[in-house]
Amino acid sequence: MKRKLALIGKDISYSLSPLIHGEIFREMGYDATYELFSVDKDELPALVKKLKSEYVGFNITKPHKQNILPYLDDTDLKSVNTVRVDGDKLHGYSTDGYGFSRDLKIRFGEKIHGTALVLGAGGVARVIVDELKKLGFDVYIRNRTAARAEALADEFGAHVADESVKPDLVVNCTSYGFNRGENPALAFDEQSGHDHWVFNDGRLKWMYDTIYSPPVTDFLASFPSAERANGLGMLILQAIEADRIMCGFDIDDALEKKLYADIMRKIKSRI
């Protein structure tokens, strides 16, 4: 019988997840479907009941990464994007951090290190800061609201950035370039006292945008001399890790890189 997996979110018809997971299933010889469920918070109880009884597992995206937590049996995470169904139990995981750190190494080299500047202090930024600290980066955070940057910095032993920071790596975790989001390097009034703060790019080597479309986002286009990567690889790699968890796939490093390259090529031809 064909197995079933799914993605829960809101207004997610644009999602690349069915394509990505479909390619992984095909490579692994796994007979399964991958569906999209766009629901409001009050619709979660009925949907979770259905998924729990009929599905192998499911992924979660905005705005439900926290909303799903009360339905899980054994997670201490603050945000979950992957749920494995195990009988009458739901086990929660987050694969976003793995996707980011693995992609960072694939794109820029296994030994990437130095000073990192993270733009933003929301849920994505929290994942990124945590991973960068694990990789040994000296991490600075810039956010439009100073208090949020300070709270995130305190949680992970990072710093609040000012105009003096000279990053090797800059990671955009804001909405700049997506749905008309604002430039993260501008208008940090509360912190800088003026309208046009721009980080000191004196030794900038790498730019990473967690947004994956278009291939060269407005943020990445700002500094063409640096090595640049968008978030497509992160999306692919977190999906591979999620399928390891939900489906029990044995995917070694060589197969992971093959899946990464094959899926990347197929998606680039469509966006």
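Now for a quick tour of the structure.

Rules and cut-offs
Residues numbered from 1 in each chain as written. Predicted model: local features only at pLDDT ≥ 70, side-chain atom pairs only at ≥ 80, totals over all residues. Heavy atoms only, no water. Axes fitted to C-alpha atoms, helices over the stretch in contact; angles between N-to-C directions. Helix = DSSP H or I, 4+ residues; strand = E, 2+ residues; numbered from the N terminus. Parallel < 35°, antiparallel > 145°, perpendicular 65-115°, else oblique. Contact = heavy atoms within 4.5 Å. Nonpolar A, V, L, I, M, F, W, Y, C, P; charged D, E, K, R; others polar. Pairing = 2+ DSSP bridges. Salt bridge = Lys/Arg side-chain N within 4 Å of Asp/Glu carboxyl O. Buried < 20%, exposed > 50% of the residue type's maximum accessible area, 1.4 Å probe, protein only.

1. Focus: the packing of helix α3 (residues 96-108) against helix α9 (residues 253-268)
At a minimum axis separation of 13 Å, α3 and α9 run at an interaxial angle of 85°. Considering the angle they form, α3 stands roughly perpendicular to α9. Along its contact with α3, which presents Tyr98, Arg102, Asp103, Ile106 and Arg107, the element α9 presents Asp253, Glu256, Lys257, Tyr260 and Met264. Looking at side-chain class alone, the contact of α3 with α9 contains four nonpolar, no polar and six charged residues.

2. Things to note about the sheet that holds strand β5 (residues 89-93)
The strand order across the open sheet formed by five strands is β2-β1-β3-β4-β5, and the pairing between neighbours is mixed. The open sheet is flanked by β2 (32-38) and β5, the only strands paired with a single partner. Between one strand and the next, the sheet's axes are offset by a mean angle of 20°, whatever the strand orientation. Strand direction decides the pairing type here: strand β3 (residues 57-60) and strand β4 (residues 82-86), joined by three bridges, are antiparallel. By the bridge assignment for β4, Gly57 is matched with Arg84. The sheet strands contacting helix α2 (residues 44-54) are β1 (3-9), β2, β3, β4 and β5, and the helix crosses β1 at an angle near 160°. Set on the sheet, helix α8 (residues 232-247) makes contact with β1, β3, β4 and β5; between it and β4 the angle comes to about 15°.

3. Here we look at the pattern of salt bridges
Scanning all chains against the criterion turns up 24 salt bridges. With a shortest N-O distance of 2.7 Å, Lys65 and Asp96 are connected by a salt bridge. Placement of Lys65 in the loop between β3 and β4 and of Asp96 in helix α3 is noted, with a sequence separation of 31 residues between them. Taking relative accessible area as the criterion, Lys65 reaches 17% and is therefore assigned buried. Asp96 sits in the buried class, given a relative accessible area of 12%. The partner of Lys134 in a salt bridge is Asp130, with the nearest N and O atoms 3.6 Å apart.

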